Amino acid sequence: MDRIRIIGGHRLNGTIPISGAKNAALPLMIASLLTEQTLILDNVPRLADVAQLERILGNHGVDIMVSGKRSGETADHGQTLHISAARIVDTTAPYELVSKMRASFWVLAPLVARMGEARISMPGGCAIGTRPVDLLIMAVERLGGKIDIEGGYVLARAPKGLKGAEIVFPKVTVGGTHTAVMAASLAKGTTVLENAAREPEIVDVADCLNKMGARISGAGTRQIIVEGVAGLKGARHAVLPDRIETGTYAMAAAMTGGDVLLQNGRPELLQAALDVLVRAGVTVMPTNQGIRIVRNGAGLAPVDVTTAPFPEFPTDLQAQLMALMTRARGTSHITETIFENRFMHVGELTRLGARIQLDGERATIEGVPQLKGAPVMATDLRASVSLVIAALAAEGETIVNRVYHLDRGFERLEDKLGRCGAAIERLSG
Ligand code: EPZ
C-alpha cells in the first residue's frame, strides 16, 4: 500500500491547477444510463472513484472510451470520456461493487426510469456514518416505482414507466436530489422537488441533462421542476471545477503561508469557505485565472464554523479547516451537522500534537504554536487530506498511510503540492 511522506515547514508558492469535480463527474457518468446515445464528458478527473464507477457502469453494459491526449495537453487537463449505454445488459448493481463506492447506488434512478427495473445492493454504512438511502428510495416511490427490499438489495420496478409527482425532502440530500431529478427526467408529466439540495454539482448535472433534452428548471434553488420527456439524447459537457479540491488547497496555502493561485477555481462555488479563511486572516483574491490565496507572516485567527448544506460551509471541508485551526492563535469551534460520525481525523491530528476536544457534534480546537510529524492514517478521503495539511506545517517527518483514500478524490496531490514547494513524496508498496 502506498504511503505519503511529508517534511513540514515549507511555504507554498506557485500555481495549483484545479481538476474537475469528483462529485459532479460521478453523477454525470451515471446520467449516461438515461440515453442510448453517447454522452461525452470533458474535464473528468483521473481518480480511483471515477475508475471504480467505470467498472460499475461496465457491468451494466456501458462502453466507455477515453480520448487520447491532444497535442499541447498536459496531465493538468482532465480526461474526456465517451460513454455509451446503447444497450443495458444487466440492471443489477451487485454488493461487491456498490459497497466499494456509495455513489454507485445512484444508478437506481436511471435504470428504473429507462429500463423499468433495477436491483441495487444497499450500500451499508461507511467511515463517516450510517448514511441511509431511505430518501432516495422515497423519491423513486413517489414517482410510482414499486420498491421491495430483499436479501440486502433494493428492487425497484416501474414496468409502465414512472409518473411525475411532488417530492418533498424532509432533509436536504444531494444523492436524493440527483436521484429524483434523473428519475423525473424520463417520467410522464411534471415533478416538483421541494427542499432540493442546491449544491453546484446538482446544477452541473441538471445543465448536462438539459443538453441531453431534459426539461429541468430551478436547479440551484430549493424548488426544482422537471417536466418529463419520452427520451434523452447524447450531449457534450465539461465537468465543473472541484470546489472541495479548491478549498482544500486554499487551506493548505493558509496553513503553510505563501502565495498560491488556484487555477480555474471559482469563488462562487465556495464563498462560505473563502469567507471563513478571510475571517482567519488569510488574503483571498479572485482573479480572472482563479483564486489567489496569500498569507504572509501574520498568525491565523480562530473561527467558529458550523457545516450545513450549500451555500453554507461544506462538510467536505470540515476536516481540512480543523487541521488549519490546530495552528490558530486561540480557540476555534467546529460543529458538524451533516454526518454524525465525521470526526475520524481528530485522533490522528492529536497524534501530530493538536489539542482538540469532542463533545457530540462539536469540536473545540485550541491552537498550538507547533505540530510535530508522526505516522498517521485516516479512514476517508477528506480526513486523509486534513492530515496532509497538518503535516505540511508540522516539524519533521509525517507518513500518511492508506493513501488509497486520497487517490479516491485528489488527483496527483503530491505532484500539485510538490510543484509549489512542499517536501512531499509518494512511497510505493
Ligand atoms: C454527497 O453525499 C457527497 N457525495 C458527499 O461527499 C458529501 O459529503 C455529501 O453529499 C454532503 O454534501 C457525492 O456527491 C458523491 P447527502 P450524499 O444525501 O449524497 C442524510 C466526499 O467526501 N440522508 O446530501 O450521500 C445523510 O445521512 C463525499 O466527497 C438521509 O438521512 O449526502 C446526511 O446526514 C462524502 N437519508 C444528509 O442526509 C437519505 O436517504 C446529507 O446526505 C440520504 C441522506
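Described below are features of the structure shown in this document. (Residues numbered from 1 in each chain as written. Predicted model: local features only at pLDDT ≥ 70, side-chain atom pairs only at ≥ 80, totals over all residues. Heavy atoms only, no water.)

Okay, the nonpolar core next. When a protein is soluble and globular, its nonpolar side chains tend to lie buried together. Counting residues in each nonpolar core, the largest one holds 80 residues, and the members touching the most others are L33, F105, I120 and L209. At seven residues, the largest contribution of residues to this core is made by helix α1 (residues 22–31). Once residues within four sequence positions are removed from consideration, F105 is found in contact with V98, I120, S121, M122, P123, V133, L136, I137 and V154. L270, A323, A354 and A363 belong to the second-largest nonpolar core, a separate cluster that totals 70 residues. (Core = buried A, V, L, I, M, F, W, Y, C linked by side-chain atoms within 4.5 Å. Buried < 20%, exposed > 50% of the residue type's maximum accessible area, 1.4 Å probe, protein only. Helix = DSSP H or I, 4+ residues; strand = E, 2+ residues; numbered from the N terminus. Contact = heavy atoms within 4.5 Å.)

Its place among the elements puts T248 in helix α8 (residues 243–256). T248 has contacts with L317, Q320, V385, I389 and F410, leaving out every residue within four places of it along the chain.

Running from N to C, α8 and helix α12 (residues 381–393) cross one another at 20°; their axes reach a closest spacing of 8 Å. With respect to α12, the axis of α8 lies roughly parallel. Between α8 and α12 lies a crossing whose hand is right-handed. Contact residues: α8 offers I244, T248, M251, A252, M255 and T256, while α12 offers R382, V385, I389, A390, L392 and A393. Here the contact of α8 with α12 is composed, by residue class, of nine nonpolar, two polar and one charged. (Axes fitted to C-alpha atoms, helices over the stretch in contact; angles between N-to-C directions. Parallel < 35°, antiparallel > 145°, perpendicular 65-115°, else oblique. Left-handed = near helix turned anticlockwise from the far one by under 90°. Nonpolar A, V, L, I, M, F, W, Y, C, P; charged D, E, K, R; others polar.)

Counting through the fold element by element, A298 comes out in the loop between β17 (290–295) and β18 (304–306). Sequence spacing of A298 and V282 is 16 residues, and the spatial spacing of their C-alpha atoms is 8.6 Å.

Summed over the entire model, instances satisfying the criterion amount to zero aromatic pairs. Geometry around Y153 places R119 over its ring, the cationic atom sitting 4.1 Å from the centre. (Phe/Tyr/Trp six-rings, centres within 6.5 Å; stacked < 30°, edge-to-face > 60°. Lys NZ or Arg CZ within 6 Å of the ring centre and 35° of its normal.)

On to the sheet that holds strand β9 (residues 153–157), then. Taken in spatial order, the four strands line up as β6-β7-β9-β8 in an open sheet, and their pairing is mixed. Strands with a single pairing partner mark the edges of an open sheet, and in this sheet they are β6 (92–93) and β8 (146–150). By the bridge criterion, two bridges tie β6 to strand β7 (residues 117–121) in an arrangement that is parallel. Residue pairing for β7: T92 is matched across the bridge by R119. Sheet contacts for helix α5 (residues 134–142): β8 and β9; angle to β8, the most-contacted strand, approximately 145°. (Pairing = 2+ DSSP bridges.)

Taken together, 23 residues are adjacent to the ligand, and D134, L135, D316, I338 and R382 come closest. K22 is positioned with one of its side-chain polar atoms (N or O) 2.9 Å from an oxygen atom of the ligand. Within the side chain of R382, one N or O atom sits 2.7 Å away from an oxygen atom of the ligand. Mapped by element, the contributors of at least two residues to the shell around the ligand are α1, α5, α6 (174–185) and α12. (Near = heavy atom within 4 Å. Polar contact = N/O pair within 3.5 Å; in protein donor to acceptor, adjacent residues only side chain to side chain.)

As a further point, take the pattern of salt bridges. This model, assessed by the stated rule, comprises 21 salt bridges. Across the salt bridge formed by R426 and D2, the nearest N and O atoms sit 3.0 Å from each other. One end of the pair, R426, is in strand β24 (residues 423–427); the other, D2, is in the segment before β1 (3–7), and 424 residues separate them in sequence. Classification of R426 as partly exposed rests on a relative accessible area of 27%. Judged by relative accessible area, D2 falls into the partly exposed class, the value being 26%. Connected through shared salt-bridge partners, D2, D407, E414 and R426 make up one network. (Salt bridge = Lys/Arg side-chain N within 4 Å of Asp/Glu carboxyl O.)

On to α8, then. Taking 1.5 Å of rise per residue, the 14 residues of α8 would be expected to cover 20 Å, and the 20 Å separating its terminal C-alpha atoms lies within 8% of that figure. Extensive coverage of α8 is indicated by the burial of 14 of its 14 residues. Sitting at the head of α8, D242 places a side-chain oxygen 2.9 Å from the backbone nitrogen of I244. Taken from the residues just after α8, G257 is the one with a positive phi, measuring 80°. (Expected span 1.5 Å × (residues − 1).)

All right, on to the environment of H82 then. Tracing the backbone shows H82 in strand β5 (residues 79–84). Since its relative accessible area comes to 22%, H82 is described here as partly exposed. Measuring from C-alpha to C-alpha, the distance between H82 and L26 comes to 14 Å, with 56 residues separating the pair along the chain. Among the polar contacts listed, one links the side chain of H82 to the side chain of S67, at a separation of 3.0 Å.

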